[in-house]
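In case you want the letters, here they are:
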Amino acid sequence: MQPDFVINSVRTTQPTALDFWETARLLGFPSALWRLPNHHDKHLIVSLDKTLPRLSVDLEELPAGFALSPFDNLDTGTDSPARTLFMRADIHAVFSEAGPASHTVSPQIGELGEAAEQFQTLLTDSQSRPAPKRPIPSRPVPLPDPEAQDRYMQGVAKAVEAMQRGELRKVVLSRTKRVSFTDAPNAVAVFDQLCATYPTAFVSAVYLAETNQIWISATPERLVSNSASGIFQTVSLAGTQSALEPDGTPKRPSEAMWSQKEIEEQALVSRYIIECFKRIRLREYLEEGPKTIIAGNLMHLSTCFTVDTQAVRYPQLGTVMLRLLHPTSAVCGMPRDAAFSLIRRSEIHNREFYAGFLGPVNIDSSDARTTRYDLEQASAATNLFVHIRCMKLEGNVATLYAGAGLTEDSVPEREWQETEMKCQTLLKVLNEMP
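Please read these numbers as outputs of a predicted model, since none were measured by experiment.

## What about the nonpolar core?
Generally speaking, a soluble globular protein has its nonpolar side chains buried in company with each other. Phe-66, Val-171 and Met-321 are the most contacted members of the largest nonpolar core, which has 74 residues in total. Of the residues forming this core, the biggest block, seven residues, is contributed by helix α3 (residues 148–164). Beyond its immediate stretch of four places on either side in the chain, Met-321 contacts Phe-232, Ile-273, Cys-276, Phe-277 and Ile-280.

What follows is the structure in structure tokens.
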């Protein structure tokens with residue numbers, strides 16, 4: 001299903017992403033802004049439902065929109081609680097770096113009623129006002145939590161003991177880091193800076209009107225993707241080290257050294273994906289990896305799995321694998337139920353949407369740099385990512401989330417340092433905002 005209202009705009013005389021974003025916030029409409037890995041176009045959608053529906057994801061049946069799932073969402077189909085938020089693409093804008101593009105308004109815009117007219121009027125009015133000056137961003141100031149390191153390391157030690165007793169093979173324990181600002185950062189400015197800093201990440205900013213939260217992320221981990229031609233992909237991503245040498249020079253991925261613990265951690269994630277394929281009796285898949293990839297300031301081990309769903313006659317593979325995979329062993333553990341239970345007992349914070357999944361569903365992902373965006377020939381695609389390297393912005397306070405994959409060989413001090421490195425993915429950008 002095509003979105004009801006599509007605008008492709010880069011000219012300064014046309015609405016900008018900031019105009020759309022601020023108009024949605026003023027009216028209390030949820031919105032999502034994103035850029036796919038290695039793409040240049042930026043997409044923004046607005047839902048005219050102020051309270052988003054909760055549903056069990058069926059990728060083949062959903063209209064164009066954006067999904068956002070919490071971590072605590074063991075979706076097994078019709079019998080499980082509906083917890084995934086779905087933001088219908090009532091308004092869809094595409095912003096290209098390739099130069100001026102066409103401005104198209106669907107004739108169906110009038111069918112969306114008063115809310116659509118209200119949005120269009122306010123958006124048009126924003127064009128007649130001088131562009132607001134962006135305030136000089138304030139630097140994030142860490143909020144004190146003197147017991148954080150000891151608390152996390154004690155949790156790691158207890159988890160290692162449980163694994164050494166044979167209760168589970170892997171678990172991911174996370175923590176939070178809170179920072180405050182004198183003035184709340186501009187979410188669109190942060191998004192743009194993340195896009196520039198991390199071109200290979202899925203970068204997003206999501207505004208939830210009902211809770212007045214903004215979730216911002218730059219995640220390297222693809223969970224499930226379905227292309228318009230029926231190509232399914234998922235990725236196992238685990239193992240972490242700095243992408244920089246001690247003197248600050250970049251490391252060469254081909255020369256990265258991985259410990260036995262990190263190799264085994266990544267292999268566990270890959271084995272779980274293969275086990276999911278076996279459960280649905282799927283044998284025709286392509287496995288590529290593991291190989292070292294760079295994700296911002298970090299390196300990871302990654303293996304990509306690809307399936308031609310048309311060749312294997314399995315058009316529902318995306319939905320089936322999504323329900324089998326989430327939450328993946330990369331953010332939960334193995335066995336999944338045992339790891340999930342330990343996480344609930346050990347973590348004092350609510351993960352909320354951290355380690356859930358998010359991304360566009362049945363929305364064209366063609367890049368205007370290589371092909372002109374055309375409403376009549378748009379190719380719908382789904383791209384869902386594991387929601388890591390993220391933060392929740394509430395007013396002047398941001399909560400960052402980071403986790404570390406633990407095995408029986410884990411060393412608490414090293415795992416703490418890994419979470420610190422992961423927090424730097426966003427903190428580095430916040431500290432260097434122009």
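## Thoughts on helix α6 (residues 317–325)
Along an α-helix, residues three or four positions apart point the same way, because every turn accommodates 3.6 residues. Counted residue by residue, α6 has seven buried out of nine residues, so it is predominantly covered. Of all the residues in α6, the buried ones are Leu-317, Gly-318, Thr-319, Met-321, Leu-322, Leu-324 and Leu-325.

## As for the pairing of strand β11 (residues 213–219)
Side chains on a regular strand alternate between the two faces of the sheet. The element β11 is extensively covered by neighbouring structure, given that seven of its seven residues are classed as buried. Side-chain alternation along β11 places Gln-213, Trp-215, Ser-217 and Thr-219 on one buried face and Ile-214, Ile-216 and Ala-218 on a second face that is also buried. Hairpin connection between strand β10 (residues 202–208) and β11: a loop of four residues separates the two successive antiparallel strands, and Asn-212 in this loop has a positive phi of roughly 55°. Note: β11 against strand β20 (residues 390–394), four bridges, orientation antiparallel.

## What to know about the side chain of Asn-297
Residue placement: Asn-297 occurs in the loop between β14 (286–295) and β15 (298–308). On the basis of relative accessible area, Asn-297 is assigned to the buried category, the value being 16%. In terms of polar contacts, Asn-297 uses its side chain to reach the backbone carbonyl oxygen of Met-421, at 3.2 Å. A distance of 3.1 Å separates polar atoms of two side chains, one belonging to Asn-297 and the other to Thr-425. Ignoring any residue separated from it by four or fewer positions in sequence, one finds Asn-297 in contact with Tyr-198, Ser-242, Ala-243, Met-421, Gln-424 and Thr-425.

## Looking at the packing of aromatic side chains
Within this structure, the stated rule accounts for 13 aromatic pairs. Ring geometry for Trp-215 against Phe-353: centres 5.6 Å apart, planes inclined by 85°, an arrangement best described as edge-to-face. Separated by 138 residues along the polypeptide, Trp-215 in strand β11 and Phe-353 in the loop between α7 (336–346) and β17 (357–361) bring together distant segments of the chain. A relative accessible area of 1% places Trp-215 in the buried class. Classification of Phe-353 as buried rests on a relative accessible area of 12%. Measuring from centroid to centroid gives 6.1 Å for Phe-277 and Phe-305, while their planes differ by 70°, and the two rings are edge-to-face. Placement of Phe-277 in helix α5 (residues 260–279) and of Phe-305 in strand β15 is noted, with a sequence separation of 28 residues between them. Assigned by exposure class, Phe-277 and Phe-305 land together as buried. Feature note: the residues Trp-215, Phe-353, Tyr-354 and Tyr-401 constitute an aromatic cluster, connected by ring pairs. Positioned above the aromatic ring of Trp-416, the side-chain terminus of Arg-175 is 3.8 Å from the ring centre. Cation over ring: Arg-351 sits above Phe-71, and NZ or CZ is 4.3 Å from the ring centre.

## Overview of the environment of Pro-315
Mapped onto the elements of the fold, Pro-315 is located in the loop between β15 and α6. Beyond its immediate sequence surroundings of up to four residues, Pro-315 is in contact with Glu-60 and Thr-309.

## Structural notes on the side chain of Lys-261
Secondary-structure assignment places Lys-261 in helix α5. Among the residues examined, Lys-261 registers a relative accessible area of 13% and is labelled buried. At 2.8 Å, the side chain of Lys-261 forms a polar contact with the backbone oxygen of Gly-405. Setting aside chain neighbours within four positions, we find Lys-261 in contact with Gly-405, Thr-407, Asp-409, Ser-410 and Glu-415.

## A look at α7
Turning to α7, its buried residues are Arg-336, Ala-339, Phe-340, Leu-342 and Ile-343. The buried residues of α7 all sit within an arc of 165° when viewed along its axis, so they share a single face. Facing away from the buried side of α7, by more than 90 degrees, are the exposed residues Asp-337, Arg-344 and Arg-345. Where α7 is buried, its residues meet α3, β9 (170–180), α5, α6 and β16 (333–334).

## Quick word on the packing of α5 against α6
Running from amino to carboxyl end, α5 crosses α6 at an angle of 130°, the nearest separation of the two axes being 10 Å. The angle between the axes of α5 and α6 places the two elements in the oblique class. Here α5 runs over α6; the crossing is right-handed. Contact residues: Tyr-272, Ile-273, Cys-276, Phe-277 and Arg-279 in α5; Met-321, Leu-324 and Leu-325 in α6. Its residues assigned to classes, the contact of α5 with α6 comprises seven nonpolar, no polar and one charged.

Calculation rules
Residues numbered from 1 in each chain as written. Predicted model: local features only at pLDDT ≥ 70, side-chain atom pairs only at ≥ 80, totals over all residues. Heavy atoms only, no water. Core = buried A, V, L, I, M, F, W, Y, C linked by side-chain atoms within 4.5 Å. Buried < 20%, exposed > 50% of the residue type's maximum accessible area, 1.4 Å probe, protein only. Helix = DSSP H or I, 4+ residues; strand = E, 2+ residues; numbered from the N terminus. Contact = heavy atoms within 4.5 Å. Pairing = 2+ DSSP bridges. Polar contact = N/O pair within 3.5 Å; in protein donor to acceptor, adjacent residues only side chain to side chain. Phe/Tyr/Trp six-rings, centres within 6.5 Å; stacked < 30°, edge-to-face > 60°. Lys NZ or Arg CZ within 6 Å of the ring centre and 35° of its normal. Arc of directions from axis to C-beta. Axes fitted to C-alpha atoms, helices over the stretch in contact; angles between N-to-C directions. Parallel < 35°, antiparallel > 145°, perpendicular 65-115°, else oblique. Left-handed = near helix turned anticlockwise from the far one by under 90°. Nonpolar A, V, L, I, M, F, W, Y, C, P; charged D, E, K, R; others polar.

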